[in-house]
Amino acid sequence: MSALARLCEEIIACLDCELAKYRTKVVPGEGAEDADLLFIGEAPGWHEDQQGRPFVGPAGQFLDQLLASISLRREEVYIANVIKCRPPQNRDPLPAEIQSCRKWLDRQIEIIQPQMIITLGRYSLARYFPNESIGKIHGKPRKSGGIIYYPMYHPAAALHQGSLRRTIETDMLKIPQILAQGKELPQDEVESQQLSLF
């Protein structure tokens, strides 16, 4: 069994916060263990809680379309969330829940060693870009510690606000070029100091 598969088994057994009482299934994440791209969403929704897989509802279908637009399938990337269990009634994750789950995502990143982390939505944005607004920084890569961090709107945003669909599609189309130019991207020293705090 691979290190990532063992880690997923640990995550599935986690009882570290109150969400363990309410979940149907834990949603550790899925995809390629050596993925160049790691997509980080916010929290599982109803569909994810039923299946134990990330991004399988309507937002997940849109994410699949976005991946196809850059000639990728979900099996070729890794998809995870900031927290691994669905909050009751799909409420926002609480700070204590995010903190409890933090170690799992940290270890996933250590094992996968992605070249690029794409944050989807405000909770994964806040992990790497504290005090920044998605409206201001979406589609603008930053590099720190050898990893490119790329903020995007959550795919669900396009389902609630149709005007964002084109923005999300455009930001996704930039990813292959950013990845190809990764070595030339300057290190963001200020950002790396912020990142080290999180």
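A. Geometry of the layout of surface pockets. Counted as a void, the largest pocket has a volume near 450 Å³. Every residue lining the largest pocket is counted, 22 residues in all, and those nearest its centre are Ala43, Gly45, Asn90, His154 and Ala156. Within the residue set of the lining of the largest pocket, elements represented by two or more residues are helix H2 (46-51), helix H3 (58-69) and helix H7 (155-160). When grouped by side-chain class, the residues that make up the lining of the largest pocket number 10 nonpolar, 8 polar and 4 charged. Considering only enclosed or pocket space, the second largest pocket measures out at about 260 Å³ in volume.

B. Up close: the environment of Arg142. Within the secondary structure, Arg142 sits in strand E5 (residues 142-144). Put simply, Arg142 and Gly182 are 40 residues apart on the chain and 9.8 Å apart in space, counted from C-alpha to C-alpha. In terms of polar contacts, Arg142 uses its side chain to reach the side chain of Glu132, at 2.7 Å.

C. Layout of the pairing of strand E3 (residues 78-81). With burial as the criterion, each face of E3 is covered, one bearing Tyr78 and Ala80 and the other bearing Ile79 and Asn81. Bridge count for strand E1 (residues 30-31) against E3 is 2 bridges, and the pairing is antiparallel. When the sheet's bridge partners are listed, Gly31 is paired in E3 with Tyr78. Bridge analysis of strand E2 (residues 37-41) against E3 gives 4 bridges, and the strand direction is parallel. Following the sheet pairing, Ile40 is matched in E3 by Ala80.

D. Looking closely at the sheet that holds strand E4 (residues 116-120). Pairing within the open sheet is mixed, and its 6 strands lie in the order E1-E3-E2-E4-E6-E5. What marks the edges here is a single partner per strand, and that holds for E1 and E5. Pairing of E5 with strand E6 (residues 147-152) involves 3 bridges; the strand directions are antiparallel. Paired with Ser144 across the two strands is Ile147, which belongs to E6. Taken strand by strand, helix H4 (residues 95-112) contacts E2, E3 and E4, and its axis lies near 165° from that of E3.

Basis of the calculations
Residues numbered from 1 in each chain as written. Predicted model: local features only at pLDDT ≥ 70, side-chain atom pairs only at ≥ 80, totals over all residues. Heavy atoms only, no water. 1 Å grid on protein atoms, 1.4 Å probe; cavity = no way out; pocket = protein on both sides within 12 Å on 5 of 7 lines; lining within 4 Å. Points joined across faces, edges and corners; volume = space filled by probe spheres on them. Helix = DSSP H or I, 4+ residues; strand = E, 2+ residues; numbered from the N terminus. Nonpolar A, V, L, I, M, F, W, Y, C, P; charged D, E, K, R; others polar. Polar contact = N/O pair within 3.5 Å; in protein donor to acceptor, adjacent residues only side chain to side chain. Buried < 20%, exposed > 50% of the residue type's maximum accessible area, 1.4 Å probe, protein only. Pairing = 2+ DSSP bridges. Contact = heavy atoms within 4.5 Å. Axes fitted to C-alpha atoms, helices over the stretch in contact; angles between N-to-C directions.

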